[in-house]
Amino acid sequence: MSATEALIDVRNVTRHYQRGPDEIHALDDLTLSIPTGHFVALMGPSGSGKSTLLNLISGIDRPSSGDVVVAGQTLNDLSEDELAKWRARHVGLIFQFFNLIPVLSARENVALPLLLTDLSKAEQGERARTALRVVGLEDRMDHFPATLSGGEQQRVAIARAVVTDPDLIVADEPTGDLDARNAEAILDLLRALKTSFGKTIVMVTHDPRALRFVDDAHHLDKGVLLDDEAAARASEALQASLGSAPPTEAVES
Amino acid sequence: MSYTRLVIANLLRNKLRTAFTGGAITLAVVLVCLLLTMPAALDRLLENAASDVRISVHHKAGLVYSMPESFTRKVRAVDGVEAAVGMVWYGGAFEESGKVTFPNFAVEAEHLGAVYPDYPIEPEQLADFVRYRDGAIVGRQTMDKYDWDLGDRIALTSTIWPVNLDFRIVGVIEDPQAPSLWFSREYLDQALEAQLGEGLGVVGTIWVRAAAPELVGPIMQTVDEMSRNSEAETASETEKSFFTNFFGSLQGFVQIILVVTGLVTLCIIFIAANTASMNVRERSGEIAVLKAIGFARRSIFGALFGEAVLVSTLAGVLGLGLAIGLTTYLRSFANGGGLGPMSGFVLTGPVLVQGLFLSLFIGMLAGVVPSVGAARKPVVEALREIF
């Protein structure tokens, strides 16, 4: 797949769901294309539909109508178990609250997705070690999550996301639970994954700092993508808020 | 990394909770195994104790009522009867507490050997029993319990008769589960004569040995016919039937305990199921993430179900070990004379298998509902609950 070819094609997607007596219109006839090897941010206020879009792209959720095609696979056609299999092979997931298994070491947490592969135990261990080296935590691989800082835990989570060498990495507010210094380190690391390994990364974020690291930012509001003019205004507002954000120290990833 | 490591790590997450859950299952397995040995032990006891040619003749109204002494002679004259011996309960207490701790009977010494030729008693000892008026034959269980030896003299205080007798041990029933003490009826008869001016004159139970198994039925019928319309109508029964009735109340007790144990087991299933549900609920976030990164429903179910089954099986194995230890201890204690029929209680292979299956069953039943629930929940719903 060439760098200019679209890895993700979201075509006329609508997603409605029921919450109690109310029907929520999370996405409304949304169309979006994300090229291979791009680092893309999905931005917007709470309830704008960005997390729903991320769930659809990563095969966690299904659209009410429209098509989601990722790496040539139309996700609508897959059953729940097929989707799980597909996610295991093609998607690396990063969450806001890290969500590591507290009773497993960093290395074991990273190796978890490899349980779904045919790799031998030795190969799994080697892969996990490599992934931890990429995120700069090789020397802490036998530590348990409770003994790691928030930033380190998120880096373990990133290593877990890349250990299977997926086509796509999706991150749901990966800096949302981190201080400014660690947030920049994580964004830097994600950028490095894109530039060094050619990974396609889609990230939901409220963090205006993210604009400095991504190739594209798509702004959503009330379930629709904003047009260029509205997006520019939103971007300017974010940049302005970045200017008023507290200064951050330079961080080595 | 392996599924086994994942399951074990999760079990060790809350060690105290796992220990308590396992402890409850262990206790259930120990209880059930111990109780399952009781009916089998009683059956075995009856098989070992009962002869197919021995008959018990006693008062129709019950064992506490007596029959005229002369009736023994009449029974002895019935066609097909090879030998008959009359017995009278002495109710002698050896210990200072005055409790009767082993059965003891006055018997017709000269007829005893002919009724019990299958009992392991040396012929010379039987001869001594007839020869010495104060001689006693004692079961090995009681001999060991009180550390008696052949030739020892012992004194028993009767709880029934107004005489206290002392005996010389002249013979031993060499069966580790035999508790009885037999002594000469003549000895008690003479002591009562001296004390009260009149002898025994009655018999409590007459044990009859038929010449052949097929004669048992006709003999019982004839004996009961002989006593009909007398003051002491008899009820004859086979030795097996006698012991079955004797232990009947114990069997009823066993059944009650089995019902209670079943209920306790049910409670433990609920407790284990509740614990499994709590485990799943507390880890809903982790389970959602596992699903999101590609773990299929079957894998999630397997890991959670495996936890419940593993803890219950390990607890079951521990329970079996404890049950084996306990029954071994009970047997050694019983052989010392403490538990009588319980000395036959052995944890057999089938009981062990049943115990193991019980623990598996508890684990499966406790684990299946929360595991299915967690596995079936759509990933997006699971994630929405935690984020």
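Residues numbered from 1 in each chain as written. Chains lettered and ligands numbered in written order. Predicted model: local features only at pLDDT ≥ 70, side-chain atom pairs only at ≥ 80, totals over all residues.

1. Side note on the overall build of chain A
Here is step 1 of the chain: On a plain count of helices and strands, chain A comes out with seven helices and ten strands.
Here is step 2 of the chain: Across the 253 residues of chain A, 48% fall into the buried class.
Here is step 3 of the chain: Looking at chain A alone, contacts between residues at least 24 apart form 71% of all its contacts between residues at least 6 apart. (Helix = DSSP H or I, 4+ residues; strand = E, 2+ residues; numbered from the N terminus. Buried ≥ 20, exposed ≤ 12 C-beta atoms within 10 Å, placed from the backbone. Contact = placed C-beta atoms within 7 Å.)

2. A short note on the confidence of the model for chain B
Here is step 1 of the chain: Here chain B averages 87 in pLDDT, while 91% of its residues score no lower than 70.
Here is step 2 of the chain: Both confidence scores are given for the complex: pTM 0.68, ipTM 0.84. (pLDDT = per-residue confidence, 0-100.)

3. Re unusual backbone geometry
Here is step 1 of the chain: Within the chain, A:Asp29 stands out as a residue other than glycine whose phi angle is a positive 50 degrees.
Here is step 2 of the chain: Residue placement: A:Asp29 occurs in strand E2 (residues 22–35).
Here is step 3 of the chain: Among the residues examined, A:Asp29 registers 13 C-beta atoms within 10 Å and is labelled partly exposed.
Here is step 4 of the chain: With a phi angle near 55 degrees, B:Asp147 is a residue other than glycine that sits in the positive phi range.
Here is step 5 of the chain: Here B:Asp147 is to be found in the loop between helix H6 (140–146) and strand E7 (153–158).

4. A few points about the pairing of strand E5 (residues 104–107) of chain B
All names here are of chain B.
Here is step 1 of the chain: Judged by which residues are buried, E5 turns out to be covered on both faces: Asn104 and Ala106 on one side and Phe105 and Val107 on the other are all buried.
Here is step 2 of the chain: One ladder, built from three bridges, connects strand E3 (residues 81–89) with E5; its direction is antiparallel. Looking across to E5, one finds that Met87 is bridged to Val107.
Here is step 3 of the chain: Pairing between E5 and strand E9 (residues 181–184): four bridges, direction parallel. Note on E9: the bridge partner recorded for Val107 is Ser184. (Pairing = 2+ DSSP bridges.)

5. Quick notes on the nonpolar core
Here is step 1 of the chain: One finds A:Leu42, A:Ile57, A:Ala159, A:Leu190, A:Val202 and B:Cys33 to be the most contacted residues of the largest nonpolar core, which totals 125 residues.
Here is step 2 of the chain: Take this core: its biggest share by element is eleven residues, from helix H12 (residues 297–335) of chain B.
Here is step 3 of the chain: Once residues within four sequence positions are removed from consideration, B:Cys33 is found in contact with B:Leu320, B:Ala323, B:Leu347, B:Val351 and B:Gly355.
Here is step 4 of the chain: Among the nonpolar cores identified, the runner-up in size contains 51 residues, and B:Ala83, B:Met87, B:Leu156 and B:Ala210 belong to it. (Core = buried A, V, L, I, M, F, W, Y, C linked by C-beta atoms within 7 Å.)

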